[in-house]
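# Fold and geometry: a report
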Amino acid sequence: MKKILNSGPVGWALGAAAVMAALSAGAAPVRVKIDSGSIIGAGGAGQAVFKGVPYAAAPVGALRWMPPQKPARRSSKRAAA
């Protein structure tokens, strides 16, 4: 079983499924401040999960085929659970 858990995408998927199962039962909100603003994730059982957090600006228009740029700063809290 150890070989399967350490085998790239399969191991990652199984690990992610285990974390999500643990968090889905009574997950508490977790607030974190990052460079682009504040995000709210879910936490519980010693784990925290943040989904859909942009790490770069969308590569559209003049940003197409350019190196990643910082995401736009937000004044509101972003739900990431």
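Residues numbered from 1 in each chain as written. Predicted model: local features only at pLDDT ≥ 70, side-chain atom pairs only at ≥ 80, totals over all residues. Heavy atoms only, no water.

### A closer look at the overall build of the protein chain
Looking only at helices and strands, the protein chain features two helices and four strands. Overall, the protein chain shows an N-to-C arrangement of helices and strands of α-α-β-β-β-β. A total of 81 residues make up the protein chain; the buried ones form 14% of that total. A fraction of 44% describes how many contacts in the protein chain between residues 6 or more apart in sequence connect residues 24 or more apart. (Helix = DSSP H or I, 4+ residues; strand = E, 2+ residues; numbered from the N terminus. Buried < 20%, exposed > 50% of the residue type's maximum accessible area, 1.4 Å probe, protein only. Contact = heavy atoms within 4.5 Å.)

### Considering the environment of Lys70
Mapped onto the secondary structure, Lys70 falls in the loop between strand 3 (47-49) and strand 4 (78-79). For the pair Lys70 and Ala58, spaced 12 residues apart in the sequence, the C-alpha separation amounts to 9.4 Å.

### So, the environment of Ala42
Here Ala42 shows up in strand 2 (residues 37-44). Separated by 37 residues in sequence, Ala42 and Ala79 place their C-alpha atoms 9.4 Å apart.

### Some words on the pairing of strand 2
Examined bridge by bridge, strand 1 (residues 28-34) and strand 2 share seven bridges and lie antiparallel to one another. Within the sheet, the bridge partner assigned to Val30 lies in strand 2 and is Gly41. Pairing analysis gives two bridges linking strand 2 to strand 4, with the strands arranged parallel. Bridge assignment links Ile40 to a residue of strand 4, and that residue is Ala79. The pairing of strand 2 with strand 3 spans three bridges and is classified as antiparallel. Within the sheet, the bridge partner assigned to Ala42 lies in strand 3 and is Val49. Once strand 2 ends, the chain turns through two residues before running back antiparallel as strand 3, passing Ala45 with a positive phi of about 55°. (Pairing = 2+ DSSP bridges.)

In short, the description is geometric, and any link to function would need to be established separately.
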